[in-house]
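Understanding the architecture of this molecule
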Amino acid sequence: MTSRSSGSDATKRAATVRRLEKSAGTLAGAAAARMDETLPWYRNMPADNRSWIGLVAQAGIAAFTEWFRHPEAPYAVSADVFGTAPRELTRAITLPQTVELVRVTIEVVEAQIDELAAPGYQQVLREALLLYSREIAFATAQVYAHAAEARGAWDARLEALVVHSLLRGEADEGILSRAAALGWGSPESVMVVVGNAPDADTQAVVDSIHRASRHARLNVLTGVQGDRLVVILGGADDPLRATRTLIGQFGPGPVVVGPTVPDLLAAVRSAQSATAGHRACAAWPDAPRPVLADDLLPERALAGDEEARRQLVEEIYIPLHGAGSALLETLSVYLEQASSLEGAARMLFVHPNTVRYRLRRVMDVTGLVPTEARSAFTLQVSLILGRLAAAEGVL
C-alpha cells in the first residue's frame, strides 16, 4: 500500500513538474503583465530594466520548478534567480520593490495552481510554493545585503582615492565625477582639515565622520592616510565652527584647518596648507584646537614651507614696504626694543605717540596687532623673510 502510494506521489509530482516547465514562459509573461498593471514604478522603468526583471521572474519560476522536482536537495536560490540579472539592477530597484515583484510573481503562479498541479496534487503544490516564497524572501534580503556590502567597500576605496589625489595635488575633472558618485554636491566653499587619526578601526572612523557631518548638514569626504585623518568639508560658513562639530572624531594632537577655497578642484591648496600646518604645529605647543593653517604661517615658513614664505612676504612685508619706509623702520625698531614704546621712541628720536600711531597704521595695513605677542612674532618673521627676498633680488 505504501509503495503504491509513494509511486502515485512520484507520478503526480513528475506530472506537475512537466506542467510547470511547459507553462514557465506563459507564467513569466503573466507576471510581467501584472507588474505593469499594478506597480507604477515598474511601468516607469527603462525598457532594459523591465526586460531584466522579466528574466528574474522567469528564472524564479524555473528555479521553483527545479526545487519542486527535488525538494530534498538544497538549492542556492539567490544564484538561480538573481544570477541572471546584472549587479547594477540592485541600484535600479530597491529592496521593497524587489519584494513587490517577487510577491506578484508568486501570486500569478498561485492563481494557476489548479491548472498547474496534477489532479489531487494542488495542496502539495500550494504548500511547496508557500515554502519556496519564504526561501526566496531570505535570498532577496541576502542579495541586497551583499550588494550593499560590496557597494560600501567600493565607495570606501573611491573616497580614499579622492582624498589621496587631493593630497598629492592631482586634482582634475575625474575627481569631480568620483566625488559626485559619492554624493558630493556643489558647495560654494570647500576646506580641508588635517589631524591625527584616532586609535580605532579605519572604517569606523570614516563612518563616524560621515555621521557627524550629516548631523551638521555638511558635504564631506574623508580618509585615513597613515596616522593622519583628512576631512574635506563643503558648505561651511564658519571653518572653525564647522570643524569643532567634528573635533571629537580626531585623535589627540593638533587639528589644522586649511583655507577656504571655492570648489573641490581648488582644494589642493587647502590640503597642502593644512598638511604643512599639521607638520609645523609642533613648534606652537599652545596652538588652539582647531587652528587655522594661516595662523601657523611663521611656523610653516621656518619649517621650509615655500607657500607660507610667499604669503608672509606678499601679504605682510610688501604692503608694509608700500606704505612707506617709516612704518617698516618703526616696526623693526619696536620689535628689536622688546616691544617697548619708549625704547623705540628714543631710538627713532620721535614722541611715543608717534610710535603708537605708526603701530596702528601697521595694524591697518596687515591686520596684525604689533603689541600682541603672537602677532609680533608673525611680523618679525615676515620682516626677516622680506629682507632676505629683497637681498636676493626677488622683490
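Values in this document were obtained by computation on a predicted structure and should not be read as measured data.

Conventions used here
- Residues numbered from 1 in each chain as written.
- Predicted model: local features only at pLDDT ≥ 70, side-chain atom pairs only at ≥ 80, totals over all residues.
- Heavy atoms only, no water.
- pLDDT = per-residue confidence, 0-100.
- Contact = heavy atoms within 4.5 Å.
- Buried < 20%, exposed > 50% of the residue type's maximum accessible area, 1.4 Å probe, protein only.
- Helix = DSSP H or I, 4+ residues; strand = E, 2+ residues; numbered from the N terminus.
- Pairing = 2+ DSSP bridges.
- 1 Å grid on protein atoms, 1.4 Å probe; cavity = no way out; pocket = protein on both sides within 12 Å on 5 of 7 lines; lining within 4 Å.
- Points joined across faces, edges and corners; volume = space filled by probe spheres on them.
- Nonpolar A, V, L, I, M, F, W, Y, C, P; charged D, E, K, R; others polar.
- Phe/Tyr/Trp six-rings, centres within 6.5 Å; stacked < 30°, edge-to-face > 60°.
- Expected span 1.5 Å × (residues − 1).

1. Quick look at the confidence of the model for the protein
Across the protein, pLDDT averages 85, with 88% of residues at or above 70. Across residues 1–5 the pLDDT falls below 50, and counting only partners more than four positions away or on other chains, this stretch makes 0 contacts in the model.

2. Some thoughts on the pairing of strand β3 (residues 228–234)
For β3, the buried fraction is high: 6 of the 7 residues fall into the buried class. Pairing geometry for strand β1 (residues 190–196) and β3, over 7 bridges, is antiparallel. Counted as the bridge partner of G195 is L229 from β3. Relative to β3, strand β2 (residues 219–225) is paired through 7 bridges, and the arrangement is antiparallel. Across the sheet, N219 pairs through a bridge with G234, a residue of β3. Hairpin geometry of β2 and β3 is characterised by an intervening segment of 2 residues between the two adjacent antiparallel strands and by a positive phi of about 70 degrees at G226.

3. What about the layout of surface pockets?
Roughly 280 Å³ of internal volume is contained in the second largest pocket. Lining of the second largest pocket is provided by E306, R309, R310, V313, E314, I318, L385, L388, A389, E392, V394 and L395. Listing elements by their share of the lining of the second largest pocket, those giving two or more residues are α14 (306–322) and α18 (373–391). Broken down by element, the lining of the second largest pocket gets its largest block of residues, 6 residues, from α14. When grouped by side-chain class, the residues that make up the lining of the second largest pocket number 7 nonpolar, no polar and 5 charged.

4. Quick notes on the packing of aromatic side chains
Evaluated as defined, the whole model comprises 6 aromatic pairs. The interplanar angle of 35 degrees and the centroid separation of 6.0 Å between the aromatic rings of F64 and F68 together place this pair among those described as tilted. With a gap of 4 residues between them, F64 and F68 both fall in helix α3 (residues 47–69), about one helical turn apart. The exposure classification of F64 matches that of F68, with both residues buried.

5. Let's talk about helix α12 (residues 267–280)
Compared with the 20 Å implied by 1.5 Å per residue over 14 residues, the 20 Å span of α12 between its first and last C-alpha is a close match. When you tally the buried positions in α12, you get 11 out of 14 residues, the bulk of the element.

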